Amino acid sequence: MTEQVASGIPYRDTFWNIPMWARVFVYVGGTAAIAVFAWGCWQRVALWREGTPERRTDRIPERIVLVLTQALGQARIVSQAYAGVMHAIVFWGFLALFIGTVLATLDYDITVPLLHVKLLKGTFYLLYELVLDMFGLFFVVGLGMACWRRFVTRPARVDPTPRFAYAPLILFVINATGFVMEACRLAVVKPAWAAWSPVGYALGQAMRGVGMGEGVLRALHLSVWVFHAAIAFVFIALIPQSYFMHLVTTPLNIFFSKLRPRGELAKIENIEEAENLGVSKFEEFSWKRRLDFDACVECGRCQDACPAYISGSALNPKRIIVKLKRYMLDGDTRPIHGEVIQADELWACTTCMACVQECPAYIDIVDTIVDLRRFLALSEGALPSTAPLALQNIQRAGNPWGLAPAERLKWAEGLDVPVLEEGKRVEYLYWVGCSASYDRRNQNIARSVVKILKKAGVSFAVMAEERCHGEVARRLGEEYLYQTVTTENVENIKKYSFDKVITHCPHCFNTIKNEYPQLGGNYEVVHHTVFIDRLLADEKIKLPRGFDQRKLTYHDPCYIGRYNDVYEEPRRVLSVLNTNDVTEMRRNRNKRTSPSSSPRASSRRAVDPAYREIITRRLELPLHQGPDKRARPEKAVRFP
Ligand code: SF4
Ligand code: SF4
């Protein structure tokens with residue numbers, strides 16, 4: 001170092017002021033810490049591997065991009081202002097310091113002795129020092145923000161327990177001791193480039209200012225250096241046993257996340273002979289679900305987004321995942337159903353996917369809930385009170401309300417709606433769905449869609465044999481009924497000749513598009529709002545400007561929004577309808593909270609007080625979240 005200081009070349013002297021015994025300590029301690037870390041990680045991997053098989057190794061390039069954007073880039077995390085920025089600062093600070101340590105090790109132990117190349121010198125070294133100092137500073141700010149949030153402002157979704165206190169504390173100590181070591185070194189060596197480490201330089205000047213001489217600074221440097229190394233080794237060794245394990249599990253879980261359509265539930269293969277119908281005990285969860293549970297960072301973002309939780313039902317998605325995580329890590333052996341997870345929690349889920357959308361660890365919360373429901377529905381027959389009737393109705397009458405199948409096409413009377421005929425090809429099958437076939441308000445929308453299709457000269461027809469597409473049964477866990485209904489529907493559809501399907505309702509859209517392929521129904525499916533948007537863009541239909549002067553807002557249905565990323569097309573159609581007064585709610589697109597997509601909606605709305613509470617909240621949202629807080633909706637039309 002002295003030589004380099006004299007020559008004026010900036011240069012990192014890795015073991016300045018460090019005697020041989022301390023160097024030996026750092027190599028022995030570092031090796032031991034890494035070995036303990038690796039052993040701990042292996043034990044966790046072994047725990048995951050006890051789960052049932054599941055294939056998650058396809059589409060590797062996409063998985064790598066996800067890790068880069070979501071784990072390293074923190075894209076989903078920063079979508080929340082305070083918590084997101086806080087976590088991103090801490091994470092990027094940690095990452096920068098980790099990379100800095102790896103570079104220093106590479107430099108000293110590999111490139112210099114083996115290749116005779118010094119990496120950390122000259123301009124690169126100056127930038128290295130500056131960047132590490134700045135990130136170290138951000139890191140401290142981020143840790144302060146984390147403590148402030150968890151222990152002072154205490155939002156309901158985070159636990160202010162000591163378990164989480166030591167995490168920022170240990171990181172703070174490692175970082176602060178790093179600055180003290182740097183300050184002592186710079187204060188003694190006084191290199192010309194000291195100001196490139198602004199924090200260490202300022203601290204070193206302060207040390208000099210209070211009269212610390214070289215002997216004191218050297219002694220302080222050595223003692224802090226040893227302490228810093230020791231606490232860093234403890235930190236590394238403890239990662240697998242601590243909250244910090246999410247440094248490993250979260251990126252891994254993101255890498256192995258579900259790349260199939262979000263709205264596609266796994267099929268129970270060979271259901272007639274399958275041994276496991278859903279998940280009855282913990283051993284039946286796949287390795288990926290076990291990794292899911294382990295990856296939960298207990299941030300509570302799912303809880304905040306969950307309409308069932310907000311409305312005071314028994315369900316809290318965070319609690320479900322955390323209970324399963326503890327169950328796995330503690331080696332619990334109690335029955336899951338009834339002891340660990342109550343049926344009420346499972347049935348309260350609307351499958352709106354808000355939790356999955358928010359989860360920074362990419363945990364498949366809804367798929368887990370449905371797997372647990374499948375056991376209750378298929379093996380125990382323990383459905384919630386209103387569900388059996390709806391399911392019987394689907395089986396018997398082809399709709400959840402048990403209304404006469406012969407009246408399914410009554411909505412079309414007087415419109416001269418074409419009906420599919422064998423041997424006669426049309427371009428589009430218009431799949432109307434139960435709600436638009438029987439519900440008066442929705443019938444009006446189906447009639448309007450037909451008028452639009454006719455006006456635009458679209459070749460289409462409806463199908464006389466149409467019946468419920470079965471999604472209600474599937475989301476309730478009644479996979480057997482779903483597969484029966486879907487197989488019948490696919491067989492009926494096969495008789496006819498058409499190119500694409502236009503669906504009326506978001507649920508039909510998701511199921512026919514994403515789930516029917518599992519049973520041989522492969523179609524190009526378009527939601528009617530998207531289709532109308534295309535007709536407008538192609539000028540097949542036109543509307544005069546200012547056609548509708550009412551103040552409008554759009555409430556995204558989960559099953560076309562969050563499930564299928566259809567956000568803009570319905571808005572474009574609305575903006576053509578009304579060029580002045582289309583407004584957005586504060587929570588819109590994938591952020592909006594609503595249970596409108598519940599598969600149980602049709603059977604629960606009228607009878608379940610908890611569900612009515614969710615619906616009430618949903619209708620309150622436009623009142624409280626709209627840009628115009630005085631606005632009151634004159635009408636709520638189930639537009640899509
Ligand atoms: S899907 Fe919706 S209702 Fe169900 S747990 Fe997630 S946020 Fe809650
Ligand atoms: S499941 Fe996801 S969103 Fe919910 S607490 Fe765990 S990590 Fe956070």
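Remember, predicted model here, so these are calculated numbers, not experimental data. (Residues numbered from 1 in each chain as written. Chains lettered and ligands numbered in written order. Predicted model: local features only at pLDDT ≥ 70, side-chain atom pairs only at ≥ 80, totals over all residues.)

Asker: Please give an account of the overall build of the protein that cites residues and values.
Answerer: When helices and strands are tallied, the protein shows 26 helices and six strands. Taking the principal axes of the C-alpha coordinates as reference, the protein spans close to 100 × 60 × 50 Å. Within the protein, the proportion of its 640 residues that are buried is 39%. Long-range pairs, those at least 24 residues apart, make up 79% of the contacts in the protein with a sequence separation of at least 6. (Helix = DSSP H or I, 4+ residues; strand = E, 2+ residues; numbered from the N terminus. Buried ≥ 20, exposed ≤ 12 C-beta atoms within 10 Å, placed from the backbone. Contact = placed C-beta atoms within 7 Å.)

Asker: Tell me what's going on with the sheet that holds strand β3 (residues 498-503), and back it up with residues and numbers.
Answerer: Within the open sheet, the four strands sit side by side as β2-β1-β3-β4. Their pairing is parallel. In this open sheet, the two edge strands, each paired with only one partner strand, are β2 (460-461) and β4 (524-527). Summarising the sheet, β3 and β4 pair through four bridges and their orientation is parallel. Along β4, the bridge assignment pairs Lys500 with Glu524. (Pairing = 2+ DSSP bridges.)

Asker: A description of helix α22 (residues 506-515) should follow, citing residues and the corresponding values.
Answerer: Counting buried residues along α22, nine of its 10 residues qualify, which places the element largely inside the surrounding structure. When α22 is considered as a whole, its buried residues turn out to be Pro506, His507, Cys508, Phe509, Asn510, Thr511, Ile512, Lys513 and Glu515. Elements that come into contact with the buried residues of α22 comprise β1 (426-431), α18 (433-438), α20 (471-476), β3 and β4.

Asker: Now, about the nonpolar core: what can you tell me, with residues and values included?
Answerer: Ranked by size, the top nonpolar core spans 99 residues in total, and within it Ile365 and Tyr430 carry the most contacts. In terms of residues, this core owes the most to one element, helix α16 (residues 365-380), which gives nine residues. Setting aside residues up to four positions removed in sequence, Ile365 forms contacts with Cys302, Pro317, Ile321, Cys355, Val356 and Cys359. Core analysis: the second largest hydrophobic core is formed by 19 residues, Val180, Leu217, Ala229 and Ile236 among them. (Core = buried A, V, L, I, M, F, W, Y, C linked by C-beta atoms within 7 Å.)

Asker: Any chance you could break down the site of ligand 2 for me, citing the residues and the numbers?
Answerer: Not every one of the 16 residues close to ligand 2 is listed here, only the nearest: Cys296, Cys299, Cys302, Lys318 and Cys359. Within the residue set of the shell around ligand 2, elements represented by two or more residues are α11 (301-305) and α13 (317-330). Per-element accounting of the shell around ligand 2 gives the leading share, three residues, to α13. Class assignment of the residues belonging to the shell around ligand 2 gives a composition of 11 nonpolar, one polar and four charged. (Near = placed C-beta within 6 Å. Nonpolar A, V, L, I, M, F, W, Y, C, P; charged D, E, K, R; others polar.)

Asker: Which residues make up the environment of Trp42, and what are the values?
Answerer: Relative to the assigned elements, Trp42 resides in helix α2 (residues 20-49). Each C-alpha atom of the pair Trp42 and Thr52 lies 18 Å from the other, and the pair is 10 residues apart in sequence.

Asker: Tell me about the site of ligand 1, residues and numbers included.
Answerer: Around ligand 1 sit 15 residues in total, of which Cys306, Pro317, Cys349, Cys352 and Cys355 are the nearest. Among the secondary structure elements, those contributing two or more residues to the shell around ligand 1 are α12 (307-310), α15 (354-358) and α16. Of the residues contributing to the shell around ligand 1, the split by class is 13 nonpolar, two polar and no charged.

Asker: Residues and numbers for unusual backbone geometry, please.
Answerer: Positive phi values are uncommon outside glycine, yet Asn17 reaches one of about 70°. Topologically, Asn17 is positioned in the loop between α1 (2-7) and α2. Here Asn17 falls in the partly exposed class, since 18 other C-beta atoms lie within 10 Å of it. Non-glycine residue Glu539 carries a positive phi angle of around 55°. Position of Glu539 relative to the elements: it lies in the loop between α23 (528-537) and β5 (552-553). Judged by the 8 C-beta atoms lying within 10 Å of it, Glu539 falls in the exposed class.

Asker: Now, about the pairing of β1: what can you tell me, with residues and values included?
Answerer: Sheet analysis places β1 next to β3, joined by five bridges and oriented parallel. Across the sheet, residue Trp431 finds its bridge partner in β3, namely Thr503.

Asker: Tell me about helix α19 (residues 440-455), and please be specific about residues and values.
Answerer: For α19, built from 16 residues, the straight-helix expectation of 22 Å at 1.5 Å per residue is met to within 8% by its first-to-last C-alpha distance of 23 Å. All of the buried residues along α19 are Asn442, Ile445, Ala446, Val449, Val450 and Leu453. Along α19, the residues classed as buried sweep out an arc of 140° about the axis, all on the same side. α19 presents Arg440, Arg441, Ser448, Lys451 and Lys455 as exposed residues on the side facing more than 90 degrees away from its buried surface. At its buried positions, α19 is contacted by β1, α18, β2 and α23. (Expected span 1.5 Å × (residues − 1). Arc of directions from axis to C-beta.)

Asker: Which residues make up the environment of Thr14, and what are the values?
Answerer: Along the polypeptide, Thr14 turns up in the loop between α1 and α2. Taking C-alpha positions, Thr14 is 7.1 Å from Tyr108, a pair spaced 94 residues apart along the chain.

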